[in-house]
Amino acid sequence: MNFQEEKGKDPVAISTVPTNTDEPLGKGQDSLTAGVLDPCIFIILGASGDLTSRKLIPALYSLFLNKALPHPFLIVGCSRTVMSDEGFRERMKEALEKAGPLDPSTWPAFARLLHYRTILYDDFPSFKRLADSLKELDKKYKTGGNRIFELAIPPSLYETAARSLGRAGLGIEYENGRGWARIVVEKPFGRDLETALALDKRLHEYFQENQIFRIDHYLAKETVQNILVCRFANSIFEPLWNRNYIDQVSITAAETLGVEHRAGYYEQAGVLRDMFQNHLMQLLALTTMESPTCLDADPVQDEKVKVFRSLRPFPAEDFMDYTVLGQYGRGRIDGKEVPAYREEPGVSPDSLTPTFAMIKVFIDNWRWQGVPFYLTSGKRLARKQTAIVIQFKEIPHSVFRETLEEGISPNRLILGIYPEEKITLTFQTKRPGAHLALLSVNMNFFYYQNYQGHLLEAYEKILLDCLQGDRLLFWRQDGIEACWAFLTPILWICEHCDNRAEMLRFYASGSWGPEALKKLPELID
Ligand code: NDP
């Protein structure tokens, strides 16, 4: 930890070590799991796709290297593409080589876990063949009959795949004495309230709620989990954590990337569906929820859902006072010219899809009444940064008014989520010297300082939790519905109202968004 002066002023440094240990954190860690994991088969539907190559297989390989996978364990990739087991292994080897250096001595053992079956998502016989084939693998490798089905397929296929799994006896009735079956669903969970309800209804025809794991890998980031620890394992914050001391809160997820190769998806989604319905809402809930009775999944979800239900409905008539929507134009990122969103491949030249949004929301409950929360996210912004800034109220009366010409900056607690994983507290001190002058300084805690254990990537953590059946970091359906109930009217205005072209403000790539948001860099610095 160190004290560091705010930008542009002289630094004053003090170092400390963690107070409860002399050992580097993580030393002596034996295992990443809380207990013995059941043997199982991890079945990936959509195994020829991007998510499988870029996230799932690298995460499973890393867990394998860290001896965190169950034993015995198999991975069965499935998709329409015709491939042999050997062909799938080669493809996954290439994917791992792309993701980072592959250790040739460990690859053969991991490759032996990989199998492949060709399926058609809406074809009952191919799922029946898959069910039979899984049984044979169980017999041969003693995988205990337990199954995880990961839906790494486009969302339009979720219902079809769930139905095919259910009809092949791999859903609810599977658990009658044969082992457990879980289905993992990737975001987005519907496009709006209506479609989210329809998807849930269909999933529940074939799977029970406790079998459904709805992934938001954002929740598995160490620093996101640390929000709860920071709030509920320290007594100093709680008395201040309310409307009496907090003036405003800003939650920002800024990206430098553009739409890349995902124009087809993004044109339909836009920034509100892509970032707000899931990641930003979760950060909001973790920042504002009441303490759960314990850290089990349901008590935590209960508290989050209370926050979502307390969100003040958006006032349609004053919509523009609460929202800034933008779309990136040409500009420079990392010194390179980048095209405007409308010039990206696959994007309509007159697209009105927002790539930036800031919304001001209020939570109508005793703790937060009257405190504005600014939720902001955008693509092609000046810097990649996700942070929560808690801004405290200004001091009620300044005894320094005779000596200072300017006002005193309010204290801020900044929870850096990514890529600067740190907690910063800004406060005022006396500037050293004969005259009385104030100095604004930062006290920083760097999250990974002194940590030497294996750092779990978000997908590693989330897959590990799924293998353990721990639902804490997954969405519950009532939370999804409450979020969609809040966001759907906003989406409706953004997508259907007559003056939506005028609502969209263009911003240069590499800037901090539309002109209206000049304050943004100050809030997240
Ligand atoms: P892809 O577009 O790469 O599709 C995955 C596989 O699904 C394809 O390889 C293809 O396999 C099959 N598929 C694609 N389109 C169709 C179609 N129209 N009909 C039938 N099969 C089709 O998706 P991703 O891997 O990018 O994403 C999978 C899921 O994960 C999505 O729901 C996405 O929202 C979610 N997600 C993805 C992330 C990512 O980084 N990619 C991040 C977070 C969530 P085949 O033709 O061989 O059957």
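Residues numbered from 1 in each chain as written. Predicted model: local features only at pLDDT ≥ 70, side-chain atom pairs only at ≥ 80, totals over all residues. Heavy atoms only, no water.

Some words on the nonpolar core
Part 1 of the argument: Counting 151 residues, the largest nonpolar core has Leu45, Phe110 and Phe276 as its most contacted members.
Part 2 of the argument: With 12 residues, helix 8 (residues 263-288) is the single largest residue contributor to this core.
Part 3 of the argument: The contacts of Leu45, once residues within four sequence positions are left out, are Cys78, Ile119, Tyr121, Phe127, Glu150, Leu151, Ala152, Ile153, Ala161 and Leu165. (Core = buried A, V, L, I, M, F, W, Y, C linked by side-chain atoms within 4.5 Å. Buried < 20%, exposed > 50% of the residue type's maximum accessible area, 1.4 Å probe, protein only. Helix = DSSP H or I, 4+ residues; strand = E, 2+ residues; numbered from the N terminus. Contact = heavy atoms within 4.5 Å.)

Some points on the sheet that holds strand 4 (residues 114-118)
Part 1 of the argument: The sheet built from 7 strands is open, its strands ordered 4-3-2-5-6-7-17 with mixed pairing. Both edges of this open sheet fall to strand 4 and strand 17 (474-475), since each of them pairs with a single strand only.
Part 2 of the argument: Note: strand 3 (residues 73-79) against strand 4, 5 bridges, orientation parallel. Within strand 4, the position partnered with Ile75 by the bridge is Leu114. (Pairing = 2+ DSSP bridges.)

As for the pattern of salt bridges
Part 1 of the argument: Evaluated as defined, the whole model comprises 23 salt bridges.
Part 2 of the argument: Linking Arg117 and Asp85 is a salt bridge whose minimum nitrogen-to-oxygen distance equals 3.3 Å. In this pair, Arg117 is assigned in strand 4 and Asp85 in helix 2 (residues 85-99), connecting sequence segments 32 residues apart.
Part 3 of the argument: For Asp85, a relative accessible area of 23% translates into the label partly exposed.
Part 4 of the argument: Residues Arg330 and Glu343 are paired through a salt bridge, measuring 2.4 Å at the closest nitrogen-oxygen approach. (Salt bridge = Lys/Arg side-chain N within 4 Å of Asp/Glu carboxyl O.)

Some remarks on the site of the ligand
Part 1 of the argument: Among the 20 residues in the neighbourhood of the ligand, the closest are listed as Ser48, Asp50, Arg54, Thr81 and Tyr158.
Part 2 of the argument: In this structure, Gly49 approaches the ligand through a main-chain N or O atom, which is 3.1 Å from an oxygen atom.
Part 3 of the argument: The side chain of Asp50 places a nitrogen or oxygen atom 2.7 Å from a nitrogen atom of the ligand.
Part 4 of the argument: Protein coverage of the free-state accessible area of the ligand, which is 880 Å², stands at 76%.
Part 5 of the argument: Considering each element in turn, the shell around the ligand owes the most residues, 3 residues, to helix 1 (residues 50-65).
Part 6 of the argument: Residue composition of the shell around the ligand, by class: 10 nonpolar, 5 polar and 5 charged. (Near = heavy atom within 4 Å. Polar contact = N/O pair within 3.5 Å; in protein donor to acceptor, adjacent residues only side chain to side chain. Areas by Shrake-Rupley, 256 points an atom, 1.4 Å probe, with all protein chains shown as cover. Nonpolar A, V, L, I, M, F, W, Y, C, P; charged D, E, K, R; others polar.)

Structural notes on unusual backbone geometry
Across the chain, the bulk of peptide bonds are trans and the bulk of non-glycine residues have phi less than zero.
Part 1 of the argument: In this structure, the amide linkage connecting Lys187 to the following residue, Pro188, adopts the cis form with an omega of 5°.
Part 2 of the argument: Residue placement: Pro188 occurs in the loop between strand 6 (181-186) and helix 6 (193-206).
Part 3 of the argument: Backbone torsion omega between Tyr418 and Pro419 reads -5°, so that peptide bond is classified as cis.
Part 4 of the argument: Mapped onto the elements of the fold, Pro419 is located in the loop between strand 14 (412-418) and strand 15 (422-430).
Part 5 of the argument: Phi at Asp334 takes a positive value of approximately 50°, unusual for a residue other than glycine.
Part 6 of the argument: If you trace the backbone, Asp334 turns up in the loop between strand 9 (323-333) and strand 10 (336-338).
Part 7 of the argument: Here Arg380, not a glycine, exhibits a phi torsion of approximately 55°, which is positive.
Part 8 of the argument: On the secondary structure map, Arg380 appears in the loop between strand 12 (373-378) and strand 13 (385-392).
Part 9 of the argument: Overall, the relative accessible area of 12% leaves Arg380 in the buried class.

Observations concerning the packing of helix 8 against helix 9 (residues 297-310)
Part 1 of the argument: Here helix 8 crosses helix 9 at 110°, and the two axes come no closer than 9 Å. Considered as vectors, helix 8 and helix 9 are oriented roughly perpendicular to each other. For the pair helix 8 and helix 9, contact is made by Met281, Gln282, Ala285, Leu286 and Thr288 and by Lys304, Val307 and Phe308, respectively.
Part 2 of the argument: Of the residues in the contact of helix 8 with helix 9, the class split is 5 nonpolar, 2 polar and 1 charged. (Axes fitted to C-alpha atoms, helices over the stretch in contact; angles between N-to-C directions. Parallel < 35°, antiparallel > 145°, perpendicular 65-115°, else oblique.)

With respect to the pairing of strand 14
Part 1 of the argument: Most of strand 14 is tucked away: 6 of the 7 residues are buried.
Part 2 of the argument: Here strand 13 runs beside strand 14; their pairing, made up of 6 bridges, is antiparallel. Among the inter-strand pairings, Thr386 is bridged to a residue of strand 14, identified as Tyr418.
Part 3 of the argument: Of the pairings in the sheet, the one linking strand 14 to strand 15 comprises 4 bridges and is antiparallel in character. Directly across from Leu413, in strand 15, lies its bridge partner Leu425.

Considerations on helix 5 (residues 158-167)
Part 1 of the argument: For helix 5, a buried count of 7 out of 10 residues is recorded, marking the element as mostly surrounded by other parts of the structure.
Part 2 of the argument: Where helix 5 is buried, its residues meet strand 2 (40-45), helix 4 (124-141), strand 5 (147-151), strand 6 and helix 6.

Some thoughts on the packing of aromatic side chains
Part 1 of the argument: As enumerated under the stated definition, the model contains 17 aromatic pairs in all.
Part 2 of the argument: With 6.1 Å between their ring centres and 65° between their planes, Phe237 and Trp241 make a pair best called edge-to-face. By the burial criterion, Phe237 is buried, and Trp241 matches it.
Part 3 of the argument: Measuring from ring centre to ring centre gives 5.9 Å for Phe308 and Trp475, while their planes differ by 15°; the resulting arrangement is stacked. Here the residue Phe308 occupies a position in helix 9, and Trp475 occupies one in strand 17, the gap between them amounting to 167 residues.
Part 4 of the argument: With relative accessibility at 2%, the residue Trp475 sits in the buried group.
Part 5 of the argument: Taken together, Tyr61, Phe64, Trp107 and Phe110 form an aromatic cluster joined through their ring pairs.
Part 6 of the argument: The lysine or arginine in question, Lys360, covers the ring of Tyr322, its NZ or CZ lying 5.7 Å from the ring centre. (Phe/Tyr/Trp six-rings, centres within 6.5 Å; stacked < 30°, edge-to-face > 60°. Lys NZ or Arg CZ within 6 Å of the ring centre and 35° of its normal.)

Section: the confidence of the model for the protein
Part 1 of the argument: Model confidence for the protein is summarised by a mean pLDDT of 89, while 90% of its residues fall at 70 or above.
Part 2 of the argument: pLDDT under 50 marks residues 1-30. Its contacts with residues more than four places away, or in other chains, come to 52 contacts.
Part 3 of the argument: Within the model, pLDDT remains below 50 along residues 520-525, and this stretch shows 18 contacts once partners closer than five positions in the same chain are excluded. (pLDDT = per-residue confidence, 0-100.)

Considering the environment of Lys221
Part 1 of the argument: Considering the arrangement of structural elements, one finds Lys221 in the loop between strand 7 (212-215) and helix 7 (222-232).
Part 2 of the argument: Residues Lys221 and Ile462, 241 residues apart in the sequence, show an inter-C-alpha distance of 9.2 Å.
Part 3 of the argument: The residues touching Lys221, leaving out its near neighbours within four places in the chain, are Ile417, Tyr418 and Ala458.

Examining the environment of Leu193
Part 1 of the argument: Topologically, Leu193 is positioned in helix 6.
Part 2 of the argument: Leu193 sits in the partly exposed class, given a relative accessible area of 27%.
Part 3 of the argument: Separated by 291 residues in sequence, Leu193 and Trp484 place their C-alpha atoms 4.9 Å apart.

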